[in-house]
Amino acid sequence: MKNKYSVILGNLGNTCDRFCKSYKDNPSTLEMLSQAVKIPHVEGIELVGTWDIGPDNVKEMKKRFADYGVQCVSIIPDVFGDKAYGKGTLTSSDPAVRQKTQDYLRQMSEVALEMNCGILNMWMAQDGYDYLLTTDYDQKREWLKEGTARLAKEFPTLKFALEYKPKEPRNFSFHARMSDTILAAKETECPNVGVTIDTGHGFVAGENVAEAIVLAKRAGDLLFHMHFNDNHGAWDDDMIVGSVHSTVYVDLIYWLKKTGYAGWLSMDQYPYRENAVDAIAESIEWVRRFEAIVDDHFDEIDRLDGRDVPATSALEYVQQLEDELVKLNDAVATSRFMRKALFG
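Since this is a predicted model, take the numbers as computed values, not measurements. Along each chain, numbering runs from 1 in the same order as the chain's sequence is written. With the structure being a predicted model, the display of local features is reserved for residues of pLDDT at least 70 and the display and counting of side-chain atom pairs for 80 or more, all residues being used for whole-chain, interface and lining totals. Side-chain descriptors were evaluated using all non-hydrogen atoms of the structure, hydrogens and water having been removed beforehand.

1. Here we look at the overall build of the chain
Threshold: Under the scheme used here, helices are H or I runs from DSSP no shorter than 4 residues and strands are E runs no shorter than 2 residues, and both carry numbers assigned from the N terminus. Restricting the calculation to C-alpha atoms gives the radius of gyration, and the globule rule supplies 2.2 Å times the number of residues raised to the power 0.38. Three exposure classes are used, based on accessible area relative to the maximum for each residue type with a 1.4 Å probe and protein chains only: buried under 20%, partly exposed in between, and exposed over 50%. In this description, contact between two residues means that some pair of their heavy atoms is separated by no more than 4.5 Å. Reported accessibility uses the Shrake-Rupley method at a 1.4 Å probe radius. Residues are deemed covered only where the shown protein chains occlude them.
Helices and strands together make up the secondary structure of the chain, namely twelve helices and ten strands. Whereas a compact globule of 344 residues would reach a radius of gyration of roughly 20 Å, the chain reaches 21 Å, a difference of no more than 12%. Dimensions of the chain, computed from C-alpha atoms along their principal axes, come out at roughly 65 × 45 × 40 Å. The 344 residues of the chain split such that 52% are buried. A separation threshold of at least 6 residues defines the contact pool for the chain, and within that pool the share at least 24 residues apart is 75%. For the chain, the computed accessible surface area is about 16,200 Å², with 51% contributed by carbon and sulfur atoms.

Structure, rendered in structure tokens:
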């Protein structure tokens, strides 16, 4: 299983929280880029709009990427860090804010095309609500649909990947889980609108990420992009992959392969106190280890009851594998497999 690895550039920058405004010195965009390309196996970079790239430096960034031989994987528009968006972007009750958002997203789409980047990763973090009896859920979702569809139709060669997260910075997000984000994508009636899975967001949402991958496949190959990190399940901690979960990653990587996902595996972390380069490198190594387990044991996972499947031809063998999907009802067999795969 050969995957392509990337990293969000801002992961190498300053980190902060509401108690400490700066845990690290903040390097420049070009300094972070020079560090990111040295991380083993990294072939692509995601850029945050305005933070890392905009119309003023797109030509320089394009040249730098070419010089380093890396690909611009996605542009993530900054529709979360401007106080003007505090009560929503495309869902704001203020038509001027909705127009400001539309104009900015259009600008970032043009930047993406200039960078030969195929994905605009839309984490619409401020589009949600905090208090009950304060929000017209139907109207705001309609505005969100209209704004997304308008953009997707204007830029048909770009993929617009809706990244979901159940909460933060709002208490409730409109793109909260795979199911409602599939609905949001399908409502646009645009084939270039799909979904980004962030593994940590899925954990916080209480999802089985592997099943979320299958849902996106069943909805029409709507999984456009993947972000990898880990957490303890209560908050989006953005920790090193494998810090908490193991079987979960084997399961989801198995289903990425099973469903034919061919996109990027991007590291999205927030290493508050850790060396960022080292933390990201560790995540990639963990993902690669989980990949190796899946590659080495794919058929065994596929029929986890452990029985050999006789076949008289390659075609018959494939057909039998399709008939014998993963037997997740044998917890002991699964536990035995994971123990052997991880520790020998």
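2. With respect to empty space enclosed by the protein
Here is the rule: We place a 1 Å grid over just the protein atoms. Points where a 1.4 Å probe fits but has no way out form a cavity, open points with protein on both sides within 12 Å along at least 5 of 7 lines form a pocket, and any residue with an atom within 4 Å of a point lines it. Grid points are joined across faces, edges and corners, and a volume is the space filled by probe spheres set on the points. We call Asp, Glu, Lys and Arg charged. Ala, Val, Leu, Ile, Met, Phe, Trp, Tyr, Cys and Pro are nonpolar, and the rest, Gly among them, are polar.
On inspection of all chains with the given rule, the structure shows three cavities of 30 Å³ or more. Its volume calculated, the largest cavity comes out at about 70 Å³. Counting residues per element, the ones that place at least two in the lining of the largest cavity are α4 (137-154) and α5 (178-187). Residue contributions to the lining of the largest cavity peak at four residues, all from α4. Broken down by class, the residue content of the lining of the largest cavity amounts to three nonpolar, three polar and three charged. Quantified by volume, the second largest cavity comes out at close to 40 Å³. In terms of lining residues, the second largest cavity is bounded by K165, P166, K167, E168, V204, W235 and D236.

3. A short note on the confidence of the model for the chain
Here is the rule we go by: The pLDDT score gives, residue by residue, the confidence of the prediction method on a 0 to 100 scale.
Looking at the chain, the pLDDT average stands at 92 and 91% of residues meet or exceed 70. For residues 305-325, every residue scores under 50 in pLDDT, and the model assigns this stretch 21 contacts once sequence neighbours within four places are set aside.

4. A few points about the layout of surface pockets
The space that makes up the largest pocket amounts to roughly 1,300 Å³. W51, W123, E168, D238 and Y270 are, among the 37 residues lining the largest pocket, the residues nearest its centre. In terms of residue class, the lining of the largest pocket is built from 15 nonpolar, twelve polar and ten charged.

5. Some details on the sheet that holds strand β3 (residues 71-76)
Inclusion rule: Criterion used throughout: strands pair if DSSP finds at least two bridges between them. Here an axis means a line fitted to C-alpha atoms, over the contact stretch when the element is a helix, while the angle between two N-to-C directions is reported on a 0 to 180 degree scale.
Strand order in this closed barrel of eight strands is β1-β2-β3-β4-β6-β8-β9-β10, and the pairing throughout is parallel. Adjacent strand axes in the sheet meet at a mean angle of 30° when their direction is disregarded. Sheet analysis places strand β4 (residues 119-122) next to strand β6 (residues 159-163), joined by four bridges and oriented parallel. Across the sheet, residue M122 finds its bridge partner in β6, namely L162.

6. Describing the state of the cysteines
Put simply, the rule reads: Count a disulfide wherever a pair of cysteine sulfur atoms falls within 2.5 Å.
In the structure shown here, the tally under the stated rule is zero disulfides. In this model C20 remains outside any disulfide bridge; the closest cysteine sulfur is found in C16, 8.0 Å from its own. The exposure class of C20 is partly exposed, given its relative accessible area of 24%.

7. Section: the pattern of salt bridges
Counted only if it meets this: We define a salt bridge as a side-chain nitrogen of Lys or Arg found within 4 Å of a carboxyl oxygen belonging to Asp or Glu.
Overall, the coordinates contain 14 salt bridges when judged by the stated rule. Notably, a salt bridge pairs E114 with K62, separated by 4.0 Å at the nearest N-O pair. Highlighted residues: E114 in helix α3 (residues 95-114) and K62 in helix α2 (residues 58-68), separated in sequence by 52 residues. By relative accessible area, E114 is classed as partly exposed at 29%. Overlapping salt bridges bring together K59, K62 and E114 as one network.

8. Digging into the packing of aromatic side chains
What counts here: Stacked, edge-to-face and tilted labels apply to pairs of Phe, Tyr and Trp rings (six-membered ring for Trp) whose centres lie within 6.5 Å, assigned for plane angles under 30 degrees, over 60, and everything in between, in that order.
Tallied over the full model, the rule gives 13 aromatic pairs. With a centroid separation of 5.1 Å and 50° between ring planes, the pair formed by Y129 and Y137 is classed as tilted. Residue Y137 is classed as partly exposed on the basis of its relative accessible area of 35%. Aromatic pair Y249 and F290: ring centres 5.4 Å apart, planes at 10°, arrangement stacked. Within this pair, whereas Y249 is found in helix α8 (residues 247-258), its partner F290 is found in helix α9 (residues 276-296), the two being separated by 41 residues in sequence. According to the relative accessible area criterion, Y249 is buried, its value standing at 0%. For F290, a relative accessible area of 0% corresponds to the buried category. Joined through ring pairs, the aromatic side chains of F203, F228, Y249, W286 and F290 make up one cluster.

9. Focus: the side chain of N231
Worth spelling out the cut-off: In protein, a polar contact means a hydrogen-donor-capable atom and an acceptor-capable atom, both N or O and within 3.5 Å, with residues adjacent in sequence counting only if both atoms are side-chain atoms; elsewhere, any N or O pair within 3.5 Å suffices.
Here N231 lies in the loop between β9 (223-228) and α8. A distance of 3.4 Å separates a polar side-chain atom of N231 from the backbone oxygen of W235. Excluding anything up to four places from it in sequence, N231 contacts G200, F203, V204, D236, D237, M239, V244 and H245.

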